[in-house]
Structures are given as structure tokens and as C-alpha cells.
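# Structure assessment
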Amino acid sequence: MAEGKKCSPGGVFSHLEMLEAQAHEASVKQEEMKQQEEKLDRLKARVEELRLRRDELRAKVDLQQKGQHEKGGVVSDPAQPSAQAALERRIRSVKDMLQIFYLTGISGKLTKRGVCFCISTAFEGTYLDSYYLDMLIKPKVQIYRHSIPIFIPLEQIARKYLETDIRRFLAVLSDHLNAYVGRRYQAEQLQERFPDQIEGTLQSNSLWNLLVFNYNVARGSKTFPFSVRLRYGDLCCSLPTEVVVSSTADAPASLAETAAAHSDLFRCTALHKAFLSINSTEEMGGRAP
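Since this is a predicted model, take the numbers as computed values, not measurements. (Residues numbered from 1 in each chain as written. Predicted model: local features only at pLDDT ≥ 70, side-chain atom pairs only at ≥ 80, totals over all residues. Heavy atoms only, no water.)

### Details of the confidence of the model for the protein chain
Reading predicted coordinates in detail is not appropriate for stretches of low pLDDT. In this model, the protein chain carries an average pLDDT of 79, and 71% of its residues clear a pLDDT of 70 or more. The least confident element of the protein chain, judged by mean pLDDT, is helix H1 (residues 2-6) at 46; the most confident is helix H4 (residues 154-161) at 95. Per-residue pLDDT stays below 50 along residues 1-6; that stretch engages in 0 contacts with residues further than four places along the chain or on separate chains. (pLDDT = per-residue confidence, 0-100. Helix = DSSP H or I, 4+ residues; strand = E, 2+ residues; numbered from the N terminus. Contact = heavy atoms within 4.5 Å.)

Printed below as a string of C-alpha cells:
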């Protein structure tokens, strides 16, 4: 009687339906990942196009400024430029910069004291935060007030570039801010999308350049724990430079191979997308740890 129940058609059909549902869900997730990758490729191409356009505009502005300087030298003594002429050249330079940086997420407007810049940040097409810099341009270029987080090395960047190359100063500052919000966004997405896999609380510092957390990978009736430590040595990058993934001391030796595969994913893929890939592999019947 018990044997007949094991082989009943209802049980077989129910199992097949479950397998079909799992296969369909895995297929849907795989298609979503493919669409996300295609969207990312398009965004990267657009970014590269904008960067090329920015470089062309920069070169054009440099030529215009050089021509204006040489032209001015014919009618005036270059060794004794008037304060008014110097101020006008500085204002023209700022206006040119505003046009250039508009293409790279940096906008601004002239104020009575100087210029106010707005640096907009995003990660893979998702708009995140905006930060502001209110700057004086007379008697010299200097920061009047700002909303840059205290842990961003603003003073260090300013000392290096502000008085000699303001365009470079804004570009480097923008790189720092975009990398910072990108790292933070990945960690937030990880905790929001995978709360059942993250064990305990994700630990990080204010700059989000050091992340430590534990996570579980389920395979069949077993759950395998892993610990990960991510360090972002390049503060202008949203991907880690150092990744350490480990399992428990009494774990099977085969887990080392799984940890190495996860480490490679974390090193080259956004954190939440790496987890999507890990889960997709497990659901599609990838090799068990």
C-alpha cells in the first residue's frame, strides 16, 4: 500500500509541476539579467560618447582661451594685465566650464560671489544624490561653502587642483562622489533584495570602502555559510580591489572552489548583481559546493 502511494500519478505530476515552475522562474531571472546587461552596455556606450564630446569641447575651449590671450597681448602689456581684464577672462573660463561639465553630470550657475556647482551622481543609470559647491572666483578661486560629505578628501583634492586646474578639480571630485554613492548603493541593494541570505548585519565604514558580511547559500536541504570581506583600495572606483571569501573551518574541502568563484564575481560585478548570478547558478542546478 505504501509502495503504491510513492508511485501514484498525482505525486509524479506534482513533482513535475514543481520542476517546471522552478525552471520557468530561473528562465525569467536569466532573461532579466540579460536585459540588464544589454541596458548596461548601452549606458556604457553613451557614457563613452559623452566623454569624447567632453574632451572635444575641452580642447575647443583651450584653443579659444589661447587665442584670446594671444589677441589680448597685441593691444596690451601682458606683463601688466588689468584686474578687470583678468576677472573677465576668469568669468569666461567659468562659463565655458559650465557648458562642458553639463554633459558629465556637473552643472552650475554664476552667482554674485562666483559660481555654484552641482555634482549629480548615479550608478549604472540610476540617479542617486546631488552635492553642491559654492565657490568664489575673486580675488582667487576658493570654496565658500559646500555639501560634500566630510569623509570625501575635498581639501586634499582642492590643494592639488583647485588653483591650477579647476576643471580637473571638479572631475576628480565627481569621480570620488560617484564611486562613494555607487559602493553605498550596492550595499543597500544587497540588504534590500537578499535579506534572507545575509546573516546578521552588514558592517561598513562611512566611506563604504570596507564591507564585511556573512551570507548563506542553500543547496537542496543544506545551507552553506560564507564570510566575505571587501576592500576598495581605489576611492574613485565602485568595485573592490581586495576580496576575501571563506567558509567555516569544518566545511567540506569542495567549498574552497565555490568561495573562489564567488570571489571572482564580487571582484568584477556589482554586489547585488553578483548575488543574482550566484542564486541563478544554484537554481539552475549548478555544481554543489
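### Some details on the packing of aromatic side chains
In the structure shown here, the tally under the stated rule is 9 aromatic pairs. Seen in terms of ring centroids, Phe194 and Phe275 are 5.4 Å apart; in terms of plane orientation they differ by 40 degrees. Their pairing is tilted. Residue Phe194 is located in the loop between helix H5 (166-193) and strand E5 (198-204), and its partner Phe275 is located in helix H7 (residues 271-283); the two are separated by 81 residues in the primary sequence. The buried category is assigned to Phe194, whose relative accessible area is 8%. On the accessibility criterion, Phe275 (0% relative accessible area) is buried. Here the aromatic residues Phe194, Phe213, Tyr215, Phe226, Phe266 and Phe275 are joined through ring pairs into a cluster of three or more. When the ring centre of Tyr144 is taken as origin, the NZ or CZ atom of Arg113, which lies over that ring, is 4.7 Å away. Above the ring of Tyr232, the side-chain terminus of Arg183 is found at 5.8 Å from the ring centroid. (Phe/Tyr/Trp six-rings, centres within 6.5 Å; stacked < 30°, edge-to-face > 60°. Buried < 20%, exposed > 50% of the residue type's maximum accessible area, 1.4 Å probe, protein only. Lys NZ or Arg CZ within 6 Å of the ring centre and 35° of its normal.)

### Observations concerning the nonpolar core
Counting 53 residues, the largest nonpolar core has Phe169, Leu173, Phe213, Tyr215 and Phe266 as the members making the most contacts within it. When residues of this core are assigned to their parent elements, the largest contribution, 11 residues, is made by H5. Apart from the residues within four sequence positions on either side, Phe213 is in contact with Leu190, Ile198, Leu202, Phe226, Ser227, Val228, Leu230, Leu271 and Phe275. (Core = buried A, V, L, I, M, F, W, Y, C linked by side-chain atoms within 4.5 Å.)

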